[in-house]
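Chain by chain, the residues:
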Amino acid sequence: MLNKKKYDIIVIGAGHAGLEAAAAAARMGCGTLMVTLDLSKIAELSCNPAIGGIGKGQLVREVAALGGLMGELADEACIQFRLLNTNRGAAVRSTRMQVDMQQYRRAAQTRLSGISHLELLEDEVQDLIIDQGAVRGVRLKGHGPMTCSAVVLAPGTFFHGLIHIGKEHFSGGRWQDRNSELLPQQLMARGLKFGRFKTGTTPRLDRKSIDFSRLIEQPGDADFIPFSRQSSEDSRLSQVSCYIGKTNAVTHRIIRNNLKRSALYSGRITGTGVRYCPSVEDKVVKFPDRESHHVFLEPEGLNTEWWYPNGISNSLPREVQETMVRSIAGLEQAVIVQTGYGIEHDYIDPTQLEPSLQSKLIKGLFLAGQINGTTGYEEAAAQGLMAGINAVRSIHAEEAVILDRSQAYIGVLIDDLVTKGTMEPYRMFTSRVEYRLVIREDNTNERLTPLGHSLGLVNDQDYALFMDEEKIVQKEQLRLRRTRLYPGRVSDDILKKLGAGQLSEPLTLEELLRRPEIRYNELGWLDPASAKIPKNVRTRVEINVKYEGYIRRQNLEIERFKHLEKMLIPPEFEYQGLPGLSLEIVEKLTSLRPRNLGQAGRISGVTPAAITLLMLYIKKAGSKFSAKGTN
């Protein structure tokens, strides 16, 4: 029961962004209130039943390394584990977990209930209380005004959410959930600039109506590598297979013949959709030469009959969806238990935010998740965690925690949003990350766990385990460098089996491992001590050895990058009237107010020549500063 009217931080929304923000704020010692329209829907996986993926798995591991919850929850609910891109370089390998949706939600709610300083409330926030340009509280529909020092706004798709199924459309934040109308109107009136984006979901199918014998089975990996260090490799649930089907010429003809009945192509949907996760109508229209598209059949859990046909998101009428689905081999008798739909929602232009995710217009207001123009659970969780951390630091008058592009995928995500903005729903990919060889999945803890510990989100016991692992990695790399193999003392048969050939001179284990045909696990054939090293340590050591030269070169690039990041631009710096800067560049710099020359250089339209001039002007004005950070 609610027992007070004053909090340090109020979090609006209980999706993946709101969950991380509220948990972080409370665990950092702030009195926190999470307000949501429906407490039973906390951490709802409203679209696909999976966590991670290409570029997204890195985000989840980073959230876990910093002390966030998503990785731990995914580990607990995992019903299929897969490491993607294993046939490619270490820089782009990403984890994806199929999860039990009900178990994930239950685990999240259980986790929140055990956090001190956190209260949950089912109500609707109708407005913010703002005084002299700063947040002072919120006005609730049922409980009246609540005061606070900071607000984290994480409404997902609920701001003016509008659901489309063919020609039918109705208000809703997601299926069977009402949307939020009054709060976005109030924020617009206060000067925040909004736009409209569109996303969507597939119909759900009854498992009993699917003929799996006509589909291709896709089992998970035998090995299981948890997202979180707190999770046991033996703790996951029973593992299941997914299945792969394909659309065909008949499917595509059904879609083309009904395009005018699609909300997307009839003009009813005006918001911009997700380029990299298009609806099936978009696939058929934009790729007319493709004879088929994959459909991935994924279970929504161990104790539900609902299956998710990933790949056929649409906004067609229900009867067309049924005909379309049944044209696919294996789904001829499929029963739709929930209709697919498209949904439009409001988002704000994220260039209105500081890198801390605080609004430039309203002090103490932090925004996270789809409200900032992103799509995906993982992008939302990463923003929510950082917004919660920085909300706490703001009320203590401490410097914001800002991860840069060389430190984390989270840094790339947030920098892209606040510096460049987005004209379509933003999705994380490894291709967006310049220094991905240095910020890999396998070294996430090394990069971010010390920061999580310093913030109070990683406890002393977990930090001690992390430090023990770091010592093992360093000790093993040194051992490989010092251990030599000598000609005549090593079995030629083993060397031949390894593809290494006979030794003509002494060779260290490190030099042997550097060869592309040799894997760490095979060193045990020559060196029994190697077989005793923990699996996670082996992976890191092997990558560090094999990519040593490439990593060294990328670290030199990072040094050059950080040189510009350290050259801070004073907030009051005046761009008007500077010779050599075009009117367009002056307008963009004045509007976006970059923190440093590095960020200024990433603004669209700001040229390298302009950065050189700006550097000279800042030096001339005596405004060159060394960067100060918490990380």
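Just so you know, these numbers come straight off a predicted model, no measurement behind them. (Residues numbered from 1 in each chain as written. Predicted model: local features only at pLDDT ≥ 70, side-chain atom pairs only at ≥ 80, totals over all residues. Heavy atoms only, no water.)

(A) Seen up close, the packing of helix 9 (residues 377-395) against helix 10 (residues 409-420). Two numbers describe how helix 9 lies on helix 10: the axes approach to 10 Å, and their chain directions differ by 85°. Looking at the two axes, helix 9 sits roughly perpendicular to helix 10. Residues Glu 379, Ala 382, Gln 383 and Met 386 of helix 9 pack against Ile 410, Leu 413, Ile 414 and Leu 417 of helix 10. Here the contact of helix 9 with helix 10 is built from residues that sort into six nonpolar, one polar and one charged. (Axes fitted to C-alpha atoms, helices over the stretch in contact; angles between N-to-C directions. Helix = DSSP H or I, 4+ residues; strand = E, 2+ residues; numbered from the N terminus. Parallel < 35°, antiparallel > 145°, perpendicular 65-115°, else oblique. Contact = heavy atoms within 4.5 Å. Nonpolar A, V, L, I, M, F, W, Y, C, P; charged D, E, K, R; others polar.)

(B) A look at the sheet that holds strand 1 (residues 9-12). Read across the open sheet, the five strands follow the order 6-2-1-10-21; overall the sheet is parallel. Each edge of the open sheet carries a strand with a single partner, namely strand 6 (118-122) and strand 21 (365-367). In this sheet, adjacent strand axes meet at a mean angle of 20° when their direction is disregarded. (Pairing = 2+ DSSP bridges.)

(C) View of the sheet that holds strand 5 (residues 94-99). With antiparallel pairing, three strands are arranged side by side in an open sheet as 3-5-4. Looking along the sheet, the strands with just one partner apiece sit at the ends: strand 3 (50-52) and strand 4 (78-84). Averaged over all neighbouring strand pairs, the angle between strand axes comes to 20°, with direction disregarded.

(D) Molecular detail of a nonpolar patch on the surface. On the surface, a nonpolar cluster with roughly 210 Å² of combined accessible area is contributed by Trp 306, Val 335 and Val 337. Relative to the helices and strands, Val 337 is located in strand 19 (residues 336-338). (Patch = residues over 30% accessible without salt bridge, like charges linked within 9 Å, V, L, I, M, F, W, Y side chains within 5 Å. Areas by Shrake-Rupley, 256 points an atom, 1.4 Å probe, with all protein chains shown as cover. Salt bridge = Lys/Arg side-chain N within 4 Å of Asp/Glu carboxyl O.)

(E) Main features of the domain arrangement of the protein. In terms of domains, the protein is made up of domain 1 (9-200 + 345-454), domain 2 (204-341), domain 3 (476-552) and domain 4 (566-620). Look at where the C-alpha atoms of domain 3 and domain 4 centre, and you get two points 50 Å apart. (Domains from an automatic or database assignment.)

(F) Quick peek at the pattern of salt bridges. Going through the model one piece at a time under the given rule, you end up with 39 salt bridges. The salt bridge involving Arg 190 is made with Asp 127; its shortest N-O contact spans 3.2 Å. Residue Arg 190 is located in the loop between helix 5 (182-189) and strand 13 (194-201), and its partner Asp 127 is located in strand 7 (residues 125-131); the two are separated by 63 residues in the primary sequence. By relative accessible area, which is 32% here, Arg 190 ends up partly exposed. A salt bridge links Arg 552 to Glu 548; its shortest N-O distance comes to 3.3 Å. Of this pair, Arg 552 and Glu 548 are both found in helix 17 (residues 548-565), four residues apart, which corresponds to roughly one turn of the helix. In this structure Glu 548 comes out as partly exposed when scored by relative accessible area, which is 29%. If you follow the salt bridges from partner to partner, you end up with Arg 405, Asp 415, Asp 416, Lys 420, Glu 434, Glu 565 and Arg 602 in one network. (Buried < 20%, exposed > 50% of the residue type's maximum accessible area, 1.4 Å probe, protein only.)

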